[in-house]
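Chain and residue survey
Single-letter residue listing:
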Amino acid sequence: RKEFVDLYVNYVFNESIRKPFEDFMQGFLRGCPARKWKMFLPVELQTVLEGHKKFDWRLLEKNVTYVRYGMLDRTIRNFWTVFRKLPEEKKKMFLAFLSGSDRIPGRGLEHFRFSIVDPQVEKPDEIYPSANTCELILFLPR
């Protein structure tokens, strides 16, 4: 009975996925040669691939730049007041809205920069905030 369980577990977790995994690994290593990954410790590689999962949200606020806004404009003050009160999960959702990911790239939050831009529309109450995820820009109407 133990031998059957051992063989079954080996089949499910190793043998049954061997070919798809080898195909994946071949493609992955074509774009990301293994010699470049060897410089990382496993935990460092995990951070590079997955991004950071824990955040110091004050750094996010500190690293923002404003375009057609000042730091003391009422819209900006209101934005940060609301943001600070959000639960962690909602802050991550904002990060996903802004950047396309709920994680910070491997370099860390201290290097994560984004802009808040006044889109200068005629009727700001009629449009929603939007984001350019490639450029890390939040378009925040007044």
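This text goes with the structure placed above it.
So, here's what we can say about the structure. If you're wondering where the values come from, they're calculated on a predicted model, not measured in any experiment. (Residues numbered from 1 in each chain as written. Predicted model: local features only at pLDDT ≥ 70, side-chain atom pairs only at ≥ 80, totals over all residues. Heavy atoms only, no water.)

1. Comments concerning the packing of aromatic side chains
Rules: Paired rings are identified among Phe, Tyr and Trp, the last through its six-membered ring, by centres lying within 6.5 Å, and are further divided according to the angle between planes into stacked (under 30 degrees), edge-to-face (over 60) and tilted (the rest). Note on conventions: DSSP H or I runs of at least 4 residues are helices, E runs of at least 2 residues are strands, and numbering of each starts at the N terminus. Burial status follows relative accessibility: with a 1.4 Å probe on protein chains alone, a residue under 20% of its type maximum counts as buried, one over 50% as exposed, and anything between as partly exposed.
Counted by the stated rule, this structure contains eleven aromatic pairs. Seen in terms of ring centroids, Phe24 and Phe28 are 5.8 Å apart; in terms of plane orientation they differ by 25°. Their pairing is stacked. Of this pair, Phe24 and Phe28 both sit in helix H2 (residues 18-31), four residues apart, which is roughly one turn of that helix. With relative accessibility at 28%, the residue Phe28 sits in the partly exposed group. Note on Phe55 and Trp57: the rings are 4.7 Å apart at their centroids and 50° apart in plane angle, and the pair reads as tilted. Across the pair, exposure class does not vary: Phe55 and Trp57 are buried alike. By the ring-pair criterion, three or more aromatic residues cluster together here, those being Phe55, Trp57, Phe79, Trp80, Phe83, Phe94 and Phe114.

2. A word on the layout of surface pockets
Rule in force here: Using a grid of 1 Å spacing that covers the protein atoms alone, one calls a set of points a cavity when a 1.4 Å probe fits there but cannot get out, and a pocket when the set is open and has protein on both sides within 12 Å along at least five of seven lines; lining residues are those with an atom within 4 Å of a point. Grid points are joined across faces, edges and corners, and a volume is the space filled by probe spheres set on the points. Put simply, Ala, Val, Leu, Ile, Met, Phe, Trp, Tyr, Cys and Pro go in the nonpolar bin, Asp, Glu, Lys and Arg in the charged bin, and everything else, Gly too, in the polar bin.
Put simply, the largest pocket is a space of about 200 Å³. Around the largest pocket sit Thr75, Asn78, Phe79, Val82, Phe83, Leu86, Lys90, Met93, Phe94 and Leu140, which together line it. Of all elements in the fold, only helix H6 (74-85) and helix H7 (88-99) reach the threshold of two or more residues within the lining of the largest pocket. Of the residues that constitute the lining of the largest pocket, the class distribution is seven nonpolar, two polar and one charged.

3. Description of unusual backbone geometry
In the Ramachandran plot, Arg68 falls in the positive-phi region, its phi being about 60° despite a non-glycine side chain. Here the phi dihedral of Gln120 falls at roughly 50°; this positive angle occurs in a residue that is not glycine. Owing to a relative accessible area of 54%, Gln120 belongs among the exposed residues under this scheme.

4. Focus: the nonpolar core
The condition that has to hold: Take the buried residues of types Ala, Val, Leu, Ile, Met, Phe, Trp, Tyr and Cys, join any two whose side-chain atoms come within 4.5 Å, and each joined set is a nonpolar core. In what follows, residue pairs with any heavy atoms lying within 4.5 Å of each other are defined as contacts.
By size, the foremost hydrophobic cluster in this structure holds 21 residues, and its most contacted members are Leu60, Trp80, Phe94, Phe112, Phe114, Ile116 and Leu138. Only helix H5 (57-62), H6 and H7 provide two or more residues apiece to this core. Ranked by the residues each element gives to this core, the list is headed by H6, at four residues. With residues near it in sequence (within four places) discarded, Trp80 still touches Leu60, Glu61, Val64, Tyr66, Phe114 and Ile116.

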